[in-house]
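Single-letter residue listing:
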Amino acid sequence: MIKEIQSSETYLVRQEVLRKGKPIETCYFEGDDAETTMHFGIELNEKIIGIVSVYQVNSQLFDIENQFQIRGMAVLNEFQGNGFGSQLLAEAENYCTSQKASVIWFNAREKAVPFYKKSGYQTKGDSFEIPEVGIHFIMFKIN
Ligand SMILES: CC(C)(COP(=O)(O)OP(=O)(O)OC[C@H]1O[C@@H](n2cnc3c(N)ncnc32)[C@H](O)[C@@H]1OP(=O)(O)O)[C@@H](O)C(=O)NCCC(=O)NCCS
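Since this is a predicted model, take the numbers as computed values, not measurements.

Rules used in this analysis
Residues numbered from 1 in each chain as written. Predicted model: local features only at pLDDT ≥ 70, side-chain atom pairs only at ≥ 80, totals over all residues. Heavy atoms only, no water. Near = heavy atom within 4 Å. Polar contact = N/O pair within 3.5 Å; in protein donor to acceptor, adjacent residues only side chain to side chain. Areas by Shrake-Rupley, 256 points an atom, 1.4 Å probe, with all protein chains shown as cover. Helix = DSSP H or I, 4+ residues; strand = E, 2+ residues; numbered from the N terminus. Nonpolar A, V, L, I, M, F, W, Y, C, P; charged D, E, K, R; others polar. Pairing = 2+ DSSP bridges. Axes fitted to C-alpha atoms, helices over the stretch in contact; angles between N-to-C directions. Contact = heavy atoms within 4.5 Å.

Asks: I would appreciate a short explanation of the site of the ligand in the present structure.
Replies: The environment of the ligand is made up of 21 residues, and the closest members are Gly81, Gly83, Gly85, Ser86 and Lys118. Valine 75 places a main-chain nitrogen or oxygen 2.9 Å from an oxygen atom of the ligand. In this structure, an oxygen atom belonging to the ligand sits 2.8 Å away from a main-chain N or O atom of glycine 81. Relative to its free-state accessible area of 900 Å², the ligand is covered by the protein chains to the extent of 68%. Only helix H1 (11–18), strand S4 (68–75), helix H2 (84–98), strand S5 (103–109) and helix H3 (113–118) provide two or more residues apiece to the shell around the ligand. The biggest single contributor to the shell around the ligand is H3, with four residues. Considering only residue class, the shell around the ligand consists of 11 nonpolar, seven polar and three charged.

Written out as structure tokens, the structure is:
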């Protein structure tokens, strides 16, 4: 059910789940079309219901090359709590491992921190505010 998708196929789910009520332009992320970027989607009845994207981006917080960042992790409301999010996360991790990622990191919404902890991620440092999106924590896993 999980497949590679184009960046353009992520926008509607990003908007619905992550940027509710905001213009579609807020759903275009830097690096979306970079060669090293990968987008995955879960399709149900010919509709994308969950997405995740992976970017080769180093964070200054980790003193090592070839880090990968996960962004845009989202499952449509009505499909949450059915294991789709963890499947997507596992797929993103597999891709990172295939690229020999040293660290996988991301900005996690406060509400999603327990979800990521279940997959072995830990927080780093204090929470911080992303304007118009909310409180976040940096989370990571050494790959
Ligand atoms: C966070 C999100 C991607 C998780 O996807 P999901 O399909 O609902 O999660 P899963 O069903 O795969 O859950 C996996 C495990 O995490 C737990 N979990 C999921 N969301 C949780 C939450 N907010 N708080 C606590 N536990 C949570 C589930 O109970 C499940 O535990 P189990 O394995 O013991 O049963 C999804 O809920 C979502 O899109 N939320 C809104 C957007 C968002 O916050 N995205 C993350 C941005 S950083």
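Asks: Can you help me understand the sheet that holds S5 in this one?
Replies: Sheet strands pair via backbone hydrogen bonds, and the direction of the pair is either parallel or antiparallel. In spatial order, the strands read S1-S2-S3-S4-S5-S7-S6; together these seven strands make up an open sheet with mixed pairing. Edge positions in the sheet fall to strand S1 (2–5) and strand S6 (122–130), since each of these pairs with one other strand and no more. Pairwise comparison of adjacent strand axes, ignoring direction, gives a mean angle of 25° for this sheet. Where strand S2 (residues 38–44) meets strand S3 (residues 47–56), seven bridges bridge the pair, whose relative direction is antiparallel. For phenylalanine 40, the partnering residue across the bridge sits in S3 and is valine 52. Contacts from H1 reach S2, S3, S4 and S5 within the one sheet, and its direction differs from that of S4 by about 75°.

Asks: How should the side chain of lysine 141 be read in this particular structure?
Replies: Structurally, the position occupied by lysine 141 is in strand S7 (residues 134–142). At 3.1 Å, the side chain of lysine 141 and the side chain of glutamate 93 are in polar contact. The contact partners of lysine 141, leaving out residues within four places of it in the chain, are Glu93, Val103, Ile104, Ser119, Gly120 and Tyr121.

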